[in-house]
Amino acid sequence: MDANALRAMQAPVKERYKGEFCSGDMLLEALVACAGITVKAVATALDIPLKSGGVSAESDLDFRGTLGVAKDAPVGFAQIRLRFDLDTQDKLDQLVKLTGRYCVVCQTIKNSPWVDVKLARL
């Protein structure tokens with residue numbers, strides 16, 4: 001198979017991804033889940049009553065980079081915004097600050113760890 005045949009096979013798949021969920025959504029879902037668990041743990045540790053709440057994330061992503069259709073488009077998120085909607089009046093700034101500090105997924109994203117990508121031949 002040559003490059004043109006490969007591109008022809010990729011075209012319908014790439015078309016389906018326009019406006020659809022992709023693997024980046026899983027990263028945001030992991031961030032939201034981790035932040036949700038962490039905010040509850042921090043609230044408990046600080047004795048902050050949480051009646052209810054929610055966590056959401058949104059991001060900016062140029063899909064052209066991920067799909068390889070524009071070489072000048074970056075691959076990955078340009079920005080991620082994490083939002084807490086919490087039903088409490090107590091120590092909100094401290095609660096959010098400490099949640100960001102102790103959320104494993106948030107810290108991993110913020111600190112960009114070194115990643116080793118290897119090939120194992122079978």
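Our subject is the structure that appears above.
Calculation notes
Note that residues are indexed from 1 along each chain, following the sequence as it is written. For a predicted model such as this one, the threshold for reporting local features is a pLDDT of at least 70, and the threshold for listing and counting side-chain atom pairs is 80 or more; totals across whole chains, interfaces and linings nevertheless cover every residue. Side-chain numbers come from the whole structure's heavy atoms, not from hydrogens or water. Every axis in this analysis is a line fitted to C-alpha atoms, fitted for helices over the stretch in contact. Angles between the N-to-C directions lie between 0 and 180 degrees. Starting at the N terminus, helices and strands are each numbered in turn, a helix being any DSSP run of H or I of at least four residues and a strand any DSSP run of E of at least two. Any angle between 65 and 115 degrees counts as roughly perpendicular, while under 35 counts as roughly parallel, over 145 as roughly antiparallel, and the rest as oblique. Here, two residues are considered to be in contact whenever any of their heavy atoms come within 4.5 Å of each other. Basically, the charged four are Asp, Glu, Lys and Arg, the nonpolar ten are Ala, Val, Leu, Ile, Met, Phe, Trp, Tyr, Cys and Pro, and anything else, Gly included, counts as polar. In this scheme the crossing of two helices becomes right-handed for a clockwise turn of the near helix relative to the far one and left-handed for an anticlockwise turn of less than a right angle. Side-chain atoms alone can form a polar contact between residues adjacent in sequence; in general such a contact is a pair of N or O atoms within 3.5 Å, and within protein one must be able to donate a hydrogen while the other accepts it. Put simply, a salt bridge is a Lys or Arg side-chain nitrogen that is within 4 Å of an Asp or Glu carboxyl oxygen. Burial classification: accessible surface area is computed with a 1.4 Å probe over protein chains only, and a residue below 20% of its type maximum counts as buried, one above 50% as exposed, and the rest as partly exposed.

Asks: Could you give an account of the packing of helix 2 (residues 23–45) against helix 5 (residues 104–111), with specific residues and numbers?
Replies: Each pair of packed helices gets described by two things: the angle between the helix axes and the distance between those axes. Interaxial distance between helix 2 and helix 5 falls to 7 Å at its minimum, and their mutual angle equals 130°. Compared by their axis directions, helix 2 and helix 5 come out oblique. Together, Leu27, Ala30, Leu31 and Cys34 of helix 2 and Val104, Val105, Cys106 and Ile109 of helix 5 make up the contact between the two elements. Each residue belonging to the contact of helix 2 with helix 5 can be placed in one class, and the counts come to eight nonpolar, no polar and no charged.

Asks: Provide a residue-level description of the packing of helix 2 against helix 4 (residues 92–102), including the pertinent values.
Replies: At their nearest, the axes of helix 2 and helix 4 sit 9 Å apart, and the two run at 125° to each other. On the basis of their axis angle, the class for helix 2 and helix 4 is oblique. Both helix 2 and helix 4 take part in a crossing whose hand is right-handed. The segment helix 2 lies against helix 4, with Ala35, Thr38, Val39, Val42 and Ala43 engaging Leu95, Leu98, Thr99 and Tyr102. Here the residues of the contact of helix 2 with helix 4 sort into seven nonpolar, two polar and no charged.

Asks: Please provide a residue-by-residue account of the side chain of Thr88, values included.
Replies: Summarising the element assignment, Thr88 is placed in the loop between strand 2 (77–86) and helix 4. Here Pro49 takes part through its backbone oxygen, which lies 2.8 Å from a polar atom of the side chain of Thr88. Among all residues touching Thr88, those that are not within four sequence positions of it are Ile48, Pro49 and Leu50.

Asks: Mind laying out the pattern of salt bridges, listing which residues take part and the relevant values?
Replies: Inspection of the entire model under this criterion finds five salt bridges. The salt bridge partner of Asp85 is Arg83, with a shortest N-O separation of 2.8 Å. According to the relative accessible area criterion, Asp85 is partly exposed, its value standing at 36%. Salt bridges sharing common partners tie together Glu58, Asp60 and Arg81.

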